[in-house]
Amino acid sequence: MKRSVLQHLCDILDTDNTWETIAPYMSGIAMRDVEACKRYGSYNQSPSMLLLRIWCSKGFTVVHLYQLFAKTKLIRLMRVMKSEVDEKYHYLEEKVLNPARRLRPIVPPAGTQQTASRLKKIDSKDMTSTPTQSITTSSTNDPLRVAIEGTLPVTYQELSEATKGFSVNNVIGKGGYGTVYKGEIRATGGMVAVKRIFAGNDNSTQQGSKAEKERLRQSLTELRTLARFRHDNILPIYAYSLEGPEPCLVYQFMANGSLEDRLLCRKGTTPLTWVQRKEISIGAARGIHFLHSFAKTPLIHGDVKTANILLDKHMEPKLGDFGLCRDGQAEVEATEKRPLIASHIKGTLAYLAPEFITSKILTTKLDVYSYGIVLLEIASGQRAYSESRKHVVLLNSAS
Ligand SMILES: Nc1ncnc2c1ncn2[C@@H]1O[C@H](COP(=O)(O)OP(=O)(O)OP(=O)(O)O)[C@@H](O)[C@H]1O
């Protein structure tokens, strides 16, 4: 690979330690390698350069790297190194952008049998996945398959080991749909957050099975959305497990917890500085703007709140919890046909625009309003809503 291209890749991978998010997908990279890269970085050297050198020494090539970026949906990096790989692999970029589209014919045109089977082999030979099988059996129209395509499957057993048997000591938070555990993946030594969705054993009642279906629907929405989009301010999803007793989603571990935790100084943490508050506000806005502008039709998060803005070890905010995420256009069309029913409104009430509560019209402005409430909380340190708060009237300067 040309030195300038390699340097460009490393510059991007070094920014915000993006290399740490690809390391778990690189087979052959062990925890000691990751530690060595971190140490290398602490001497003002490029940790990504070392990581790529180690991977290369294990026999991985430029094509494998391109496939790795496709797997982790790092389109920008794919484009930087596109000139370095054979044209026959360029379809991968389109595949990442349109995962549902079949880009290669199943039955190759006459005379091209050999090429097609070779391509199929490249496609299915998953150079970057580590421990388990890839999903190859269900049809491309299967919504579950489309949802999880490109995201790494892990076994329930592995996640159980990573979280010490889903130990209560590893619990880092609880939400409406599951419990979040801190875990360590043995293969890479990387810290992850594992969300175990409530199994919902209450299938005896109609309500119980409805709730379970809703939990699963939201988990798959989250999986599908996060697997499609990557951005510095969107919480990366690493893997999923659907074969165990409870579905699990695996995310990047966010060492500083949620913005809500930090604003309330939970666990004795010190108050955020003004500079940190400003940076967090900007980062969260970038994440929301990305959702609203990246795809052809805007994506509406639908549940922007301080509990869903997570902070990594550098206090970089990442928007999480995509269970309520909606494709803007689809919803607009849907509302034209029938008004959105109240059960669709699941966002926390204090963050919901009053006109949405009354008219149910879903637009990206819903997120903008919620973001405004987040800004109020960041600036005041107060919760968006509190039963016990005394009624205070804000006076304007004229009175
Ligand atoms: N990737 C992560 N890294 C570190 N902590 C996390 C991570 N994801 C979630 N948490 C912690 O777990 C808590 C629960 O998260 P979860 O997404 O399940 O629920 P929530 O967003 O608080 O509530 P709900 O899903 O009901 O809206 C969060 O508030 C946060 O403190």
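This one's a predicted model, so the numbers in the text were calculated from it and none came from an experiment.

**As for the overall build of the chain**
Part 1: Assigned secondary structure in the chain consists of 16 helices and 10 strands.
Part 2: In the chain, the proportion of contacts linking residues at least 24 apart, taken out of those at least 6 apart, comes to 62%.
Part 3: A total accessible area of about 21400 Å² is found for the chain, and carbon and sulfur atoms account for 55% of it.

**A few points about the site of the ligand**
Part 1: Of all residues adjacent to the ligand, which total 20 residues, the nearest are G176, Q252, M254, N308 and D321.
Part 2: Q252 has a polar backbone atom sitting 2.9 Å from a nitrogen atom of the ligand.
Part 3: Measuring from an oxygen atom of the ligand, one finds a side-chain N or O atom of K305 at 3.1 Å.
Part 4: Of the residues forming the shell around the ligand, the biggest block, 3 residues, is contributed by strand β2 (residues 171-174).

**A few points about the side chain of T72**
Part 1: As for its position among the elements, T72 is in the loop between α5 (62-71) and α6 (75-81).
Part 2: Within the local environment of T72, its side chain forms a polar contact with the backbone oxygen of L68, the two atoms lying 2.8 Å apart.
Part 3: Those residues in contact with T72, other than ones at most four positions away along the chain, are I22, Y25 and R230.

**A short note on the UniProt feature "binding site: ATP" (unreviewed entry) in the chain**
Part 1: In this structure's numbering, the residues bearing the UniProt feature "binding site: ATP" (unreviewed entry) are K195.
Part 2: Following the sequence through the fold, K195 ends up in strand β4 (residues 190-197).
Part 3: Residue K195 is classed as buried on the basis of its relative accessible area, which comes to 15%.

**Quick look at the environment of P153**
Part 1: Inspection of the secondary structure puts P153 in strand β1 (residues 152-153).
Part 2: The spatial distance from the C-alpha of P153 to the C-alpha of L242 is 8.2 Å, given a sequence separation of 89 residues.

**Here's the deal with the pattern of salt bridges**
Part 1: Tallied over the full model, the rule gives 9 salt bridges.
Part 2: The salt bridge involving E246 is made with R196; its shortest N-O contact spans 3.3 Å. Taken as a pair, E246 in the loop between β5 (237-241) and β6 (248-252) and R196 in strand β4 lie far apart in primary sequence, 50 residues in all. By the burial criterion, E246 is buried, and R196 matches it.
Part 3: A salt bridge links R383 to E260, with the shortest nitrogen-to-oxygen separation between them at 2.2 Å. Of this pair, R383 sits in the segment after α16 (365-380) while E260 sits in helix α12 (residues 259-263), and the two are 123 residues apart along the sequence.
Part 4: What makes R383 partly exposed here is its relative accessible area of 36%.
Part 5: Salt bridges sharing partners connect three or more residues here, namely E260, D261, R266 and R383.

**Digging into helix α13 (residues 274-293)**
Part 1: Given a rise of 1.5 Å per residue, 20 residues ought to cover 28 Å, and the 28 Å separating the end C-alpha atoms of α13 matches this to within 8%.
Part 2: Along α13, the residues classified as buried are R277, I280, S281, G283, A284, G287, I288, F290, L291 and H292.
Part 3: Against the buried residues of α13 lie α12, β7 (299-300), β8 (309-311), β9 (317-319) and α16.

**Notes on unusual backbone geometry**
Part 1: A positive phi angle, close to 60°, is found at K73, a residue other than glycine.
Part 2: Following the sequence through the fold, K73 ends up in the loop between α5 and α6.
Part 3: The class for K73 is buried, based on a relative accessible area of 9%.
Part 4: Despite not being glycine, K267 shows a phi value in the positive range, around 55°.
Part 5: You can see K267 is positioned in the loop between α12 and α13.
Part 6: Among the residues examined, K267 registers a relative accessible area of 75% and is labelled exposed.

**Quick notes on the side chain of E377**
Part 1: Its place among the elements puts E377 in helix α16.
Part 2: In this structure E377 is buried but unpaired, with R383 as the nearest side chain of opposite charge at 5.1 Å.
Part 3: Within the structure, E377 has its side chain in polar contact with the side chain of Y351 (distance 2.4 Å).
Part 4: Those residues within four positions of E377 in sequence are excluded, and the remaining contacts are L263, T306, Y351, Q382, R383 and A384.

Conventions used here
- Residues numbered from 1 in each chain as written.
- Predicted model: local features only at pLDDT ≥ 70, side-chain atom pairs only at ≥ 80, totals over all residues.
- Heavy atoms only, no water.
- Helix = DSSP H or I, 4+ residues; strand = E, 2+ residues; numbered from the N terminus.
- Contact = heavy atoms within 4.5 Å.
- Areas by Shrake-Rupley, 256 points an atom, 1.4 Å probe, with all protein chains shown as cover.
- Near = heavy atom within 4 Å.
- Polar contact = N/O pair within 3.5 Å; in protein donor to acceptor, adjacent residues only side chain to side chain.
- UniProt positions renumbered as here; feature names shortened; annotations may be inferred.
- Buried < 20%, exposed > 50% of the residue type's maximum accessible area, 1.4 Å probe, protein only.
- Salt bridge = Lys/Arg side-chain N within 4 Å of Asp/Glu carboxyl O.
- Expected span 1.5 Å × (residues − 1).
- Lys, Arg positive; Asp, Glu negative; His and termini not counted.

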